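# Descriptive analysis of the structure
Spelled out from the first residue to the last, the chains are:
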Amino acid sequence: MPLKPDPSIEITAFRWVPPFAQGVVRDLRVRWALEEAGLHYRVRLLDLQRPPEYLREQPFDQVPTYRDSEIHIFESGAIVQHIGEKCEVLLPRETAARMRAIQWSYAALNSVEPALWNLALIDLFYASEKWSRLRRPGAEALARLKLKRLSDWLGESEWLDDRFTIGDLMMVTVLRNVRHTGLIAEQANLAAYLERGEQRPAFQQALSDQLAVFREHEPQGAAA
Ligand SMILES: N[C@@H](CCC(=O)N[C@@H](CS)C(=O)NCC(=O)O)C(=O)O
């Protein structure tokens, strides 16, 4: 439901990724925020082999990047916060509530994602390595601990603060990093929280748009 067209908004995303990464590539966060804000956007698709000049936009050669008529930035957290500045649904205007939302966005990226992503790396990229079998139990224990802490904070609440914000948007996408495990299901309230986020129409639209690109550009013989 685009409400405020801004044809100048452009994000970068991959043309195609293997099935295990589909639905978790980090442009999903940005697409979701833009959908929540009702903002039109264009997507510039990149091959897995990026052109060398892309490093001038994203020094780590990653997606997403974001540009509009004012700015050109990378890092999904910064991008989602910038979109939040345009939309009170995502980021409250009142200072204390606004800072709590930003705090949760940092917590998702800095306190929770490293542990979950570490486990995902082991499972999805290095499963056949001998060292990964040795490392996995410790990595899983740390991920489980982070999820337990999050679950304890959440309790019976709907969202991390008193309403949905960018903090929830980031956290829900971070939780999806371990969707291939049973870890989230171990905490019933966290599983319900994840589902609540994923049921938002803006998330559904963002996910379906990301997946449609991969379907359209699937290499021959790459079907799951
Ligand atoms: N901290 C960055 C991480 C971005 C990131 O990890 N992007 C992945 C896709 S989800 C990527 O481009 N990976 C390719 C690579 O690192 O070579 C952000 O949140 O924007």
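The model shown is predicted, which means the values in this text are computed figures rather than measured ones. (Residues numbered from 1 in each chain as written. Predicted model: local features only at pLDDT ≥ 70, side-chain atom pairs only at ≥ 80, totals over all residues.)

## Considerations on the site of the ligand
Cut-off, in case you're wondering: Near, for a residue, is defined by distance from a backbone-placed C-beta atom to a molecule or strand, with 6 Å as the limit that must not be exceeded. In this classification, Asp, Glu, Lys and Arg are treated as charged, Ala, Val, Leu, Ile, Met, Phe, Trp, Tyr, Cys and Pro as nonpolar, and every other residue, Gly included, as polar.
In the vicinity of the ligand, the contacting residues are Val25, Arg26, Asp61, Gln62, Val63, Glu75, Ser76 and Gly77. A per-class count over the shell around the ligand returns 2 nonpolar, 3 polar and 3 charged.

## A few points about helix H6 (residues 188-198)
Put simply, the rule is: Labels follow a simple rule on C-beta atoms placed from the backbone: if 20 or more others lie within 10 Å of a residue's own, it is buried; if 12 or fewer, it is exposed; otherwise it is partly exposed. Comment: elements are numbered from the N terminus, with helices defined as DSSP H or I runs of at least four residues and strands as E runs of at least two. Within this analysis, the arc is defined by the directions that extend from the helix axis to the C-beta atoms. A pair of residues counts as a contact when their C-beta atoms, built from backbone coordinates, are separated by no more than 7 Å.
All of the buried residues along H6 are Leu190, Tyr193 and Gly197. End-on view of H6: buried residues confined to an arc of 55°, all on one side of the axis. In H6, the exposed positions angled more than 90 degrees off the buried face are occupied by Ala188 and Glu195. Against the buried residues of H6 lie helix H4 (130-154), helix H5 (166-175) and helix H7 (201-216).

## Let's talk about the domain arrangement of the protein chain
The line we're drawing: Domain delimitation in this document rests on an assignment produced automatically or drawn from a domain database.
Taken domain by domain, the protein chain consists of domain 1 (10-90 + 202-216) and domain 2 (95-200). On the side of domain 2, 14 residues touch domain 1, which itself brings 14 residues to the contact. Where the side of domain 1 that touches domain 2 is concerned, the elements lending two or more residues are helix H1 (27-37), helix H2 (76-85) and H7. Of the residues assigned to the side of domain 1 that touches domain 2, the class counts are 9 nonpolar, 4 polar and 1 charged.

## Digging into the packing of helix H3 (residues 95-125) against H5
Applicable threshold: Note on geometry: axes are C-alpha line fits, over the in-contact stretch for helices, and angles between N-to-C directions span 0 to 180 degrees. Just so you know how the angles are binned, under 35 degrees is roughly parallel, over 145 roughly antiparallel, 65 to 115 roughly perpendicular, and the rest oblique.
Their axes nearest at 7 Å, the elements H3 and H5 cross at an angle of 10°. Judged by the angle between their axes, H3 and H5 are roughly parallel. Judged by residue contacts, Ala101, Trp104, Ser105, Ala108, Leu109, Val112, Glu113 and Leu116 of H3 engage Ile166, Gly167, Met170, Met171 and Val174 from H5. The residue makeup of the contact of H3 with H5, split by class, is 10 nonpolar, 2 polar and 1 charged.

## Focus on the environment of Ala107
Tracing the chain through its elements places Ala107 in helix H3. Of the residues examined, Ala107 has 20 C-beta atoms within 10 Å and is grouped as buried. Along the chain, Ala107 and Leu194 lie 87 residues apart, while their C-alpha atoms are 16 Å from each other.

## Some details on the environment of Gln210
Its place among the elements puts Gln210 in helix H7. Judged by C-beta crowding, with 21 C-beta atoms within 10 Å, Gln210 ranks as buried. Spatially, the C-alpha atom of Gln210 lies 28 Å from that of Arg98, the residues being 112 residues apart in sequence.

## Side note on H4
Quick reminder of the rule: Multiplying one less than the number of residues by 1.5 Å gives the expected span of a helix. The angle between axes fitted to the seven-residue stretch ending at a residue and the seven-residue stretch beginning at it gives the bend at that residue.
Spanning 25 residues, H4 covers 37 Å between terminal C-alpha atoms, matching the ideal 36 Å at 1.5 Å per step. Of all the bends in H4, the largest measures some 40° and sits at Arg136, one to four residues before the proline Pro137. Buried residues in H4 make contact with H3 and H6. Where H4 terminates, the next one or two residues include Gly155, which has phi positive at roughly 50°.

## Observations regarding the nonpolar core
Condition: For this analysis, nonpolar core means a set of buried Ala, Val, Leu, Ile, Met, Phe, Trp, Tyr and Cys residues linked through C-beta atoms within 7 Å.
Core analysis: the largest hydrophobic core is formed by 48 residues, its most contacted members being Ala33 and Met171. Listing elements by their share of this core, those giving two or more residues are strand S1 (10-14), H1, H2, H3, H4, H5, H6 and H7. Tallying contributions element by element places H3 first for this core, with 10 residues. Here this core gathers at least three residues from each of two domains, domain 1 (10-90 + 202-216) and domain 2 (95-200).

## Topic: unusual backbone geometry
Of note, the amide linkage connecting Val63 to Pro64 takes the cis form, showing an omega dihedral of 5°. As for its position among the elements, Pro64 is in the loop between strand S2 (42-46) and strand S3 (65-67). The backbone phi angle of Asp61 is positive, close to 65°, even though this residue is not glycine. Here Asp61 shows up in the loop between S2 and S3. Since 13 C-beta atoms lie within 10 Å of it, Asp61 is described here as partly exposed. Even without being glycine, Glu75 reaches a positive phi, approximately 80°. Structurally, Glu75 is set in the loop between strand S4 (72-74) and H2. When the 17 C-beta atoms within 10 Å are taken as the criterion, Glu75 is described as partly exposed.

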